[in-house]
Amino acid sequence: MKIIKIVPGTGNFYCGSCIRDTALVRALRRLDHEAVLQPLYLPLCSDESISDSGDRIFFGGVNVFLQQKADFFQKTPRWFDRIFDSRWLLQLSSRQAGMTKASELGEMTLSMLAGEEGRQVKELRRFIEWLKQEEKPDAVILSNALLLGLSKSISQVLGLPLLCTLQGEDGFLDALTEPYRTAAWRQLESKVKYVDMFIPVSFYYNGVMKQRLNIPAEKCAVVQNGISLDGYRERAEEIKTPTIGFLARLCAAKGLDRLIEVFIHLKKHPEFHSLRLKIAGVMTSGDKPFVKEMKKLLDKAGVLPDASFHPNIAREEKIEFLNTLSVLSVPATYGEAFGLYAIEAMAAGVPVVQPQHGGFTEIVETSGGGVLYDPNESGAYESALAEILLNPGKAREMGRLGKKAVRDHFNVDRMAREILKIIENLPRSKP
């Protein structure tokens, strides 16, 4: 079977969705299917190498922007558009914070979701022609619902089975200013009829998006995320210096400031005198001012030497990073659709401490690989971290359970098989 996985590229930083989608395509290939990963907007940046599209980018970010701003660029020939689709220019543009800031993308988001009625229709027609003439897939999977502007043409023009992963779109959409926020949600809801099956990455997020998009229950099939276990190994030795880790985007929404606040407070207690904090994850140009403030906060408290920052690390570095931790915690302030970093930590035998909301609840309760705390209860977060740090035997057992859960369930091969089963049960063509 030939499957096209369509993903939004980030250009210059790793994201959880890109990591998941790349791992999925590799797993589908191991199962002897022809799987193609095709980025839109910007080049793909993932912590696992994969060779698919080369320099081929559809809906190049610069062209999409220009076509949004001026009618002239909606009529330019392909040879002219190629100039703005060059890889070096797209990567350069990806470093501009405004390219991905949700609050500034209202008009463009609506236009992209409008598909055939949007200002990027020239790009859409080129993409559909490529699918029809060159790729000829048996099924298409959209990485997230923000790509549903493609759905009508894929479903009606090509007649292909269409699936769409649901993995955290609400955060971006809710960050849009009005009237774009409400209009974007309505636009998405109007596209539901063109999708054969939605694949939420958690039971929690299944409930969220079914309600917000009015998706019929029979059009949703939950497939919890899985990761590749390549490179993970047993720890060579016990962690001698107690260390809390953070692995997510370096921003307030992921709760980094909250973790730093608790770390500073813990350091005041004699039993945590040697405690260290290691912070890793995506840092865009827009995140740099926040990170600077976090370092000032640590410095003011006199604990900056006990903290270290490791932005934008590659896969091998990430695994090494995890192997140095006693516990991992990302106290996100919103309901995460899943939280891939939680199972990445568990794969390394690291217990997690997470707020009791979003996808975290089902991950921790299913695995036994960590502790959940009530984010609304004063002192609960600090107590949960202290519980892990002061009880190494309990931490080791949670690490063992978490590692087993990832090996047995939260792995990419199980995820790929479940998605294949869904595709195989869909009709191969439409009238």
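Look up: the structure comes first, before these words.
Because the structure is predicted, anything quoted here is derived from the model rather than measured. (Residues numbered from 1 in each chain as written. Predicted model: local features only at pLDDT ≥ 70, side-chain atom pairs only at ≥ 80, totals over all residues. Heavy atoms only, no water.)

**So, the overall build of the protein chain**
Step number 1: A count of helices and strands for the protein chain gives 18 helices and eleven strands.
Step number 2: Taken along the three principal axes of its C-alpha coordinates, the protein chain extends 70 × 45 × 35 Å.
Step number 3: Residues classed as buried in the protein chain amount to 58% of the 431 residues present.
Step number 4: Summarising the internal contacts of the protein chain: among those between residues at least 6 apart in sequence, 72% fall at separations of at least 24.
Step number 5: Counting every atom, the protein chain has about 18100 Å² of accessible surface; 52% of that belongs to carbon and sulfur. (Helix = DSSP H or I, 4+ residues; strand = E, 2+ residues; numbered from the N terminus. Buried < 20%, exposed > 50% of the residue type's maximum accessible area, 1.4 Å probe, protein only. Contact = heavy atoms within 4.5 Å. Areas by Shrake-Rupley, 256 points an atom, 1.4 Å probe, with all protein chains shown as cover.)

**Here's the deal with the side chain of Arg414**
Step number 1: With respect to the helices and strands, the residue Arg414 is situated in helix α18 (residues 412-424).
Step number 2: In this structure the side chain of Arg414 is engaged in a polar contact, spanning 2.8 Å, whose partner is the backbone oxygen of Gln224.
Step number 3: Leave out the neighbours within four places in its chain, and Arg414 touches Val223, Gln224, Asn225, Gly226 and His409. (Polar contact = N/O pair within 3.5 Å; in protein donor to acceptor, adjacent residues only side chain to side chain.)

**A word on helix α17 (residues 392-408)**
Step number 1: Taking 1.5 Å as the rise per residue, α17 with 17 residues should run 24 Å; its terminal C-alpha atoms sit 24 Å apart, in good agreement.
Step number 2: Looking at α17, one finds that the buried residues are Ala395, Met398, Gly399, Gly402, Lys403, Ala405 and Val406. The buried side chains of α17 occupy one side of the element, clustering within an arc of 160° when seen end-on.
Step number 3: Those residues of α17 that are buried lie in contact with α14 (340-347), α15 (360-367), β11 (370-373) and α16 (380-389). (Expected span 1.5 Å × (residues − 1). Arc of directions from axis to C-beta.)

**Concerning the packing of helix α2 (residues 61-69) against helix α5 (residues 106-114)**
Step number 1: Put simply, α2 and α5 touch, their axes get as near as 11 Å, and they point 100° apart. In this view, α2 runs roughly perpendicular relative to α5, as classed from their interaxial angle. Together, Val64, Phe65 and Gln68 of α2 and Glu107, Met108, Ser111 and Met112 of α5 make up the contact between the two elements.
Step number 2: Looking at the contact of α2 with α5, its residues break down into four nonpolar, two polar and one charged. (Axes fitted to C-alpha atoms, helices over the stretch in contact; angles between N-to-C directions. Parallel < 35°, antiparallel > 145°, perpendicular 65-115°, else oblique. Nonpolar A, V, L, I, M, F, W, Y, C, P; charged D, E, K, R; others polar.)

**A few points about the sheet that holds strand β3 (residues 139-142)**
Step number 1: The parallel open sheet is built from five strands, whose spatial order is β2-β1-β3-β4-β5. Lying at the two open borders of the sheet, with one neighbouring strand each, are β2 (34-40) and β5 (197-200). Within this sheet the neighbouring strands show an average axis-to-axis angle of 20°, counted without direction. (Pairing = 2+ DSSP bridges.)

**Focus on helix α1 (residues 16-30)**
Step number 1: For α1, which comprises 15 residues, the first-to-last C-alpha distance of 21 Å matches the rise-based estimate of 21 Å (1.5 Å per residue) to within 8%.
Step number 2: For α1, the set of buried residues is Cys18, Ile19, Arg20, Asp21, Thr22, Ala23, Leu24, Val25, Ala27 and Leu28.
Step number 3: Elements in contact with the buried residues of α1: β1 (2-8), β2, β4 (162-166), α13 (315-322), α14 and α18.
Step number 4: At the exit of α1 stands Asp32, carrying a positive phi of roughly 70°.

**With respect to the packing of α5 against helix α9 (residues 180-191)**
Step number 1: At their nearest, the axes of α5 and α9 sit 10 Å apart, and the two run at 10° to each other. The angle between α5 and α9 falls in the class roughly parallel. Between α5 and α9 lies a crossing whose hand is left-handed. The residues of α9 that touch α5, namely those facing Gly106, Glu107, Leu110, Leu113 and Ala114, are Tyr180, Ala183, Ala184, Gln187, Leu188 and Lys191.
Step number 2: Split into classes, the residues belonging to the contact of α5 with α9 amount to seven nonpolar, two polar and two charged. (Left-handed = near helix turned anticlockwise from the far one by under 90°.)

**A few points about the pattern of salt bridges**
Step number 1: Per the counting criterion, the structure on display carries 23 salt bridges.
Step number 2: Where Asp21 meets Arg20, a salt bridge forms, and the shortest distance between an N and an O atom there is 3.0 Å. Both residues of the pair, Asp21 and Arg20, belong to the buried class.
Step number 3: Here Glu397 makes a salt bridge to Arg400, at a shortest N to O gap of 2.7 Å. On the criterion of helical spacing, the pair formed by Glu397 and Arg400 is a turn pair, its members being three residues apart in helix α17.
Step number 4: For Arg400, a relative accessible area of 46% corresponds to the partly exposed category.
Step number 5: Each of Lys2, Glu34 and Glu135 takes part in salt bridges that share partners, so that together they form one network. (Salt bridge = Lys/Arg side-chain N within 4 Å of Asp/Glu carboxyl O.)

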